[in-house]
Each structure stands twice: as C-alpha cells, then as structure tokens.
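The lines below spell out each chain.
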Amino acid sequence: MKTRTLRSDLLILLATAIWGFAFVAQRVGMEYMGPFWFNALRFAMGSLVLVPLLGRRDPADVPPAVQLRVGLLAGLILFLGASAQQIGLVYTTAGKAGFITGLYVIFVPLLGVFWRQHTYLDAWLGAVLAAAGMYLLSVAETLTINPGDVLVLASAVCWAFHIHLIDRYAHRMSPFRLAFTQFVACAVLSGLTAALVETPVLPTAREAWGALLYAGFLSVGIGYTLQVVAQREAHPTHAAILFSLEAVFAALGGWWLLDETLSTRQLLGCGLMLGGMLLSQLRPFTRRAPVSLS
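These numbers come from a predicted model, not from an experiment. (Residues numbered from 1 in each chain as written. Predicted model: local features only at pLDDT ≥ 70, side-chain atom pairs only at ≥ 80, totals over all residues. Heavy atoms only, no water.)

K.L.:
Looking at this structure, I do not really get the overall build of the protein chain. What am I missing?
P.N.:
Counting secondary structure elements, the protein chain contains 12 helices and 0 strands. Secondary structure elements of the protein chain, listed N to C terminal, follow the sequence α-α-α-α-α-α-α-α-α-α-α-α. Pairs at least 24 apart in sequence give 92% of the contacts found in the protein chain among residues at least 6 apart. Summed over its atoms, the accessible surface of the protein chain is roughly 13100 Å², and 70% of this surface lies on carbon and sulfur atoms. (Helix = DSSP H or I, 4+ residues; strand = E, 2+ residues; numbered from the N terminus. Contact = heavy atoms within 4.5 Å. Areas by Shrake-Rupley, 256 points an atom, 1.4 Å probe, with all protein chains shown as cover.)

The structure is reproduced here in structure tokens:
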C-alpha cells in the first residue's frame, strides 16, 4: 500500500509541475486566439492522447450510463473552470494566476462540509491565511481588484468541485474513459461557445502551436489523466499538499520564461497563500461514502 501511495504521489507531483508551467503556455496562447477557441483546441488534442487506451478493460462497479453521466458532469466543470481561468489570464500574470488557482486546496475541505465531511480547525486557519495572502497578492493599494484575479478565483472553486467528483468515482470506473469523456465534453462546449462569441480560425504562428501542443498534449492529455489515475490510490492529504505546489511551478515558469516579477508585497502574499494551503491539509478530513448518480 505504501508503494502504491508513493507512486500516486509522484504521479500527482508530475501533473502539478506540468500544470504549473502550463500557465505560461496559456498566457502565450492568448496572444494569438480567443480563450474559448484555445480551450477547444487543447482539450481536443488532450482527448487524442487517450484514444489508444480506450480499449483497456478496467474494472468498474458503476453502470455505463452512470459512467457517461459522471464524465459529462466532469467535462462541464472543466469547461467552466478552464474558461474562467483562461479569460482571467488575459488580465493577470501566470505567477499570480497559479497562486490564486491553488486556493482550490482550501476549497476542497470547505466544500466537504456540504457532503458531511468533518473539517478540522487547520483548514479554517489555512483559509484565513490564504485569504490574507490573496489580498496582498491581488488587491492594489487603492483597493481595486484585478478582474482577472476574480475570474481565476472562480476557476479555483470549479477545480475544487472537480477534485471531489474525481475522488468519488475515479476508483470505481475506468480512469481513461472518464478522462476521455470529460475532455471531449469540454472541447465541444468550448468550441460551441467560441463559434458564438469569437472568430475561431487555426493559428499560423509557430509560438501559438507550441503553446497549444504543451497545453493540449501535456497539460490536458497527460496532466489531467495522471490526476484521475493517481487519485484512485493517493491519500487525500498528500494529494492536496502536492497539488498546492502548482502555484510554485507557475511562479517559477512566469519568472523564467515570461520575465514576470512580483513585488515584495506580492511575494509576501504568495508566502501566506502557500502557507495557508499547507496548513489546511495537515490532517485529512473525514470522507463520506460516494453518492450514486444513478
């Protein structure tokens, strides 16, 4: 069991690093296309990664119709979260977006209250620290809030719901079919929205395709699939702590590849947010039995 847990934690750490640096690719992609069309293309690319794995016979204890419903629901949550995050990245930096997105680690135990999961004092103290950190990071001295930060924060709530859904069903159905279904659903919803509000055309710039290839094949195809596979075995506390490190990789990628800088005030905010994320997960919260969607 310890070996499987360690393997799952390493898979989550790899996914976290991929997601963190993906903020750079997502920022670059916004220079060449609209957010909805970018998401449509990258989630379509991500689904192609899983096509060779769909023939695997993985054990499942839920009916195919329920598996389809879970996959579609996960895809809808992905669409809402990815759309809010992608639009938000137009107005904020990759580093800031990474730290704000990391607040889903706080929202996971807080949302657990609605599923009758006990939340320890550590989680509430962590939430206070993270909120204070976000204020220093996102709110200017004139008390104005960057609209991009608000959108990225909304995406963090979506990721928290997504983690709960995957945690309940990943071990009860094929991880590859679940991942494939949610990718296709998100790609279709993003494409339809792009057709309504944007002018979707295939980009011609090499930089645009570089961003798409990373965000599609690596961030979506590999990163989200690693999440589904790893959450079948990973201890919730270990998984949450590792997921919070996405913010560190995002800040590192923004500094290294985009020459983004953070002020002393913003660095302090990042430190408080990361501290709050870790503090909120010092002890696991009680999980309730999965609720059937059938």
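K.L.:
Would you take a moment to explain the environment of Ser8 for this structure?
P.N.:
Take Ser8: it is sitting in helix 1 (residues 2–29). Given the relative accessible area of 2%, Ser8 is considered buried. As a C-alpha pair, Ser8 and Val229 span 221 residues in sequence and 7.9 Å in three-dimensional space. (Buried < 20%, exposed > 50% of the residue type's maximum accessible area, 1.4 Å probe, protein only.)

K.L.:
Explain the packing of aromatic side chains here, please?
P.N.:
Inspection of every chain in the model, using the stated rule, returns 6 aromatic pairs. Judged by centre distance (6.2 Å) and plane angle (35 degrees), the ring pair of Phe43 and Tyr224 falls under tilted. Of this pair, Phe43 sits in helix 2 (residues 35–50) while Tyr224 sits in helix 9 (residues 206–230), and the two are 181 residues apart along the sequence. Relative accessible area serves as the criterion here: at 0%, Phe43 is assigned to the buried category. On the basis of relative accessible area, Tyr224 is assigned to the buried category, the value being 8%. Both rings, one in Phe183 and one in Tyr224, keep their centres 6.3 Å apart while their planes meet at 70 degrees; by these two values the pair is edge-to-face. Of this pair, Phe183 sits in helix 8 (residues 175–197) while Tyr224 sits in helix 9; the two residues are 41 residues apart in sequence, bridging distant segments of the chain. (Phe/Tyr/Trp six-rings, centres within 6.5 Å; stacked < 30°, edge-to-face > 60°.)

K.L.:
What's the story with the nonpolar core in this structure? I'm lost.
P.N.:
Proteins that are soluble and globular tend to have nonpolar side chains buried together. Phe43, Tyr104, Phe183 and Tyr224 are the most contacted members of the largest nonpolar core, which has 68 residues in total. Top contributing element to this core by residue count: helix 7 (residues 147–169), with 9 residues. Apart from the residues within four sequence positions on either side, Tyr104 is in contact with Ala156, Trp159, Ala160, Ile163, Phe243 and Glu246. (Core = buried A, V, L, I, M, F, W, Y, C linked by side-chain atoms within 4.5 Å.)

K.L.:
Explanation requested: helix 9 in the structure shown.
P.N.:
Helical geometry: 3.6 residues make up each α-helical turn, so side chains three or four residues apart lie on a common side. Compared with the 36 Å implied by 1.5 Å per residue over 25 residues, the 33 Å span of helix 9 between its first and last C-alpha is a close match. At Ser219, helix 9 shows its maximal kink, close to 30 degrees. (Expected span 1.5 Å × (residues − 1). Bend = angle between axes of the 7 residues up to and from the residue.)

K.L.:
Quick question: what am I supposed to make of the confidence of the model for the protein chain here?
P.N.:
Detail in the predicted coordinates should be disregarded across regions flagged by low pLDDT. Counting all residues, the mean pLDDT for the protein chain is 80, and 83% of those residues have values of 70 or more. This stretch, residues 285–294, has a pLDDT under 50; its non-local contacts, to residues over four places away or in other chains, come to 29 contacts. (pLDDT = per-residue confidence, 0-100.)

K.L.:
Looking at this structure, I do not really get the packing of helix 3 (residues 64–88) against helix 7. What am I missing?
P.N.:
Helix packing for two helices is described by the angle between their axes and how far apart those axes are. Look at helix 3 against helix 7: their axes get within 7 Å of each other, and the N-to-C directions meet at 160 degrees. Judged by the inter-axis angle, helix 3 sits roughly antiparallel to helix 7. Relative to helix 7, the crossing made by helix 3 is left-handed. Here Val70, Leu73, Ala74, Ile77, Leu78, Leu80, Gly81, Ala82, Ala84, Gln85, Ile87 and Gly88 of helix 3 lie close against helix 7, whose contacting residues are Gly148, Leu151, Val152, Ser155, Cys158, Trp159, Phe161, His162, Leu165 and Tyr169. Of the residues in the contact of helix 3 with helix 7, the class split is 16 nonpolar, 6 polar and no charged. (Axes fitted to C-alpha atoms, helices over the stretch in contact; angles between N-to-C directions. Parallel < 35°, antiparallel > 145°, perpendicular 65-115°, else oblique. Left-handed = near helix turned anticlockwise from the far one by under 90°. Nonpolar A, V, L, I, M, F, W, Y, C, P; charged D, E, K, R; others polar.)

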